[in-house]
Amino acid sequence: MGGKRIGVLISGRGSNLAALIDACATRDFPADIVLVISNRPDAGGLQIAQSTGIQTRTVDHTEYADREAFDAEIDRVLREHDVELVCLAGFMRLLAPGFVEAWRDRLINIHPSLLPAYPGVNIHERVIDDGVRISGCTVHYVRTAMDSGPIVAQAAVPVLSGDTAETLAARVLAAEHEIYPQALRMVADGTARLSGERVVFSARESEAAPLFSPPLS
Ligand code: GRF
């Protein structure tokens, strides 16, 4: 305990949330998840959080007159818990500009494509339809335009000829589970920091071998 106070917003099964919870439980991790909010009462991630003793709240969007009222309640609950940094992890509601600006530079998201390619939904179907050979995932700061904002970290995976949206999603998801905790660590401990609208690193960058897809023979 003693790290940055994190609030996680989810809508569904919560596998990225689980990866973040596991990371926060490791020694010297610079962040603690103090609250999980779901907009759906039936989100599986709520049980994952509760089973580890993390406080949860449901803010059901269907009970609010408009997006601003819904966002205002999320904002209120986050502040009530002294949250310092918000992680979106499969949160399927668009946050209004007022909320995004209020949490500017304290709000990060994971998206299952190599942004700025393939923002939006049905990503894996579109990647396969386009015949793209490499896909991946991106952790980024959130700005008002959908799936935009300074990129913290990315992971690349090959797209295979026999892939379906499901098999590709699973390969990307496995990479998400590795990169989101790493990105959170770097943001929380200041290794990754914003310089204008780009992220710069004070350590840990290195040249890696390129990923070829298909592999070189
Ligand atoms: C992930 O692929 C994430 O990138 C996307 O929604 C999915 C959420 O999965 N935004 P989970 O709820 O974390 O298992």
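Just above, that's the structure.
About the cut-offs
Residues numbered from 1 in each chain as written. Predicted model: local features only at pLDDT ≥ 70, side-chain atom pairs only at ≥ 80, totals over all residues. Heavy atoms only, no water. Helix = DSSP H or I, 4+ residues; strand = E, 2+ residues; numbered from the N terminus. Buried < 20%, exposed > 50% of the residue type's maximum accessible area, 1.4 Å probe, protein only. Contact = heavy atoms within 4.5 Å. Lys, Arg positive; Asp, Glu negative; His and termini not counted. Charge placed at Lys NZ, Arg CZ, Asp CG, Glu CD. 1 Å grid on protein atoms, 1.4 Å probe; cavity = no way out; pocket = protein on both sides within 12 Å on 5 of 7 lines; lining within 4 Å. Points joined across faces, edges and corners; volume = space filled by probe spheres on them. Nonpolar A, V, L, I, M, F, W, Y, C, P; charged D, E, K, R; others polar. Near = heavy atom within 4 Å. Polar contact = N/O pair within 3.5 Å; in protein donor to acceptor, adjacent residues only side chain to side chain. Areas by Shrake-Rupley, 256 points an atom, 1.4 Å probe, with all protein chains shown as cover. Sits in = over half its atoms within 2 Å of the grid points. Axes fitted to C-alpha atoms, helices over the stretch in contact; angles between N-to-C directions. Parallel < 35°, antiparallel > 145°, perpendicular 65-115°, else oblique. Left-handed = near helix turned anticlockwise from the far one by under 90°.

(A) Quick peek at the overall build of the protein. Scanning the protein from terminus to terminus reveals 6 helices and 9 strands. In the protein, which comprises 217 residues, the proportion classed as buried is 46%. Residue pairs at least 24 apart in sequence account for 63% of intrachain contacts in the protein once pairs closer than 6 positions are excluded. Charged side chains of the protein number 20 positive and 28 negative; the gap between the two group centres comes to 4 Å.

(B) Representation of helix α1 (residues 15-24) in the model. With 8 of 10 residues buried, α1 lies mostly within the body of the structure. Buried within α1 are the following residues: S15, N16, L17, A19, L20, I21, A23 and C24. In this structure, the buried side of α1 is in contact with β1 (4-10), β2 (31-38), α2 (44-51), β4 (85-88), β5 (107-111) and α6 (165-188).

(C) Spotlight on the layout of surface pockets. Roughly 1,000 Å³ of internal volume is contained in the largest pocket. In terms of lining residues, the largest pocket is bounded by 37 residues, among which G90, F91, M92, I110 and P112 are the most central. Examining the composition of the lining of the largest pocket, we find that 5 residues originate from one element, α6, more than from any other. In the lining of the largest pocket, the residues fall into 18 nonpolar, 13 polar and 6 charged.

(D) Spatial organisation of unusual backbone geometry. Cis peptide bonds are those with omega within 30 degrees of zero, and the linkage from L115 to P116 qualifies with 10°. Cis rather than trans, the peptide bond between S213 and P214 has omega equal to 0°. Note that P214 resides in the segment after β9 (198-201). One non-glycine residue with positive phi stands out, namely D82, at about 55°. Although it is not a glycine, D147 sits at a positive phi angle of roughly 55°. The topology assignment puts D147 in the loop between β6 (134-141) and β7 (151-158). Look at D147 and you get buried, because its relative accessible area is 19%.

(E) Highlighting the site of the ligand. As a matter of local geometry, the ligand sits amid R13, G14, S15, N16, G90, I110, P112, L173 and E176. Within the contact set of the ligand, an oxygen atom lies 2.9 Å away from a backbone nitrogen or oxygen of N16. Note that an oxygen atom of the ligand is positioned 2.6 Å from one of the side-chain N or O atoms of E176. Protein contacts shield 85% of the accessible area of the ligand, which totals 370 Å² for the unbound molecule. The pocket occupied by the ligand, as judged from atoms lying within 2 Å of grid points, is the largest pocket. Looking at the shell around the ligand, the elements with two or more residues in it are α1 and α6. Each residue belonging to the shell around the ligand can be placed in one class, and the counts come to 3 nonpolar, 4 polar and 2 charged.

(F) Inspection of the packing of α1 against α2 at higher detail. One can describe the packing of α1 onto α2 by two numbers: an axis separation of 9 Å at closest approach and a directional angle of 15°. Regarding the angle of α1 to α2, the classification is roughly parallel. Here α1 and α2 pass one another in a crossing that is right-handed. Of the residues in α2, those in contact with L17, A18 and I21 of α1 are G45, I48 and A49. Looking at the contact of α1 with α2 residue by residue, the classes come out as 5 nonpolar, 1 polar and no charged.

(G) The arrangement of the side chain of H140 in detail. Within the secondary structure, H140 is located in strand β6. Residue H140 is classed as buried on the basis of its relative accessible area of 1%. Separated by 3.2 Å, the side chain of H140 and the backbone oxygen of S148 make a polar contact.

(H) View of the environment of Q55. Along the chain, Q55 falls in the loop between α2 and β3 (56-58). We classify Q55 as partly exposed; its relative accessible area is 44%. In the structure, Q55 is positioned 20 residues away from L35 in sequence and 5.0 Å away in space, judged by C-alpha atoms. Among residues more than four places away in sequence, those in contact with Q55 are V34, L35, V36 and H81. Here H81 takes part through its side chain, which lies 3.4 Å from a polar atom of the side chain of Q55.

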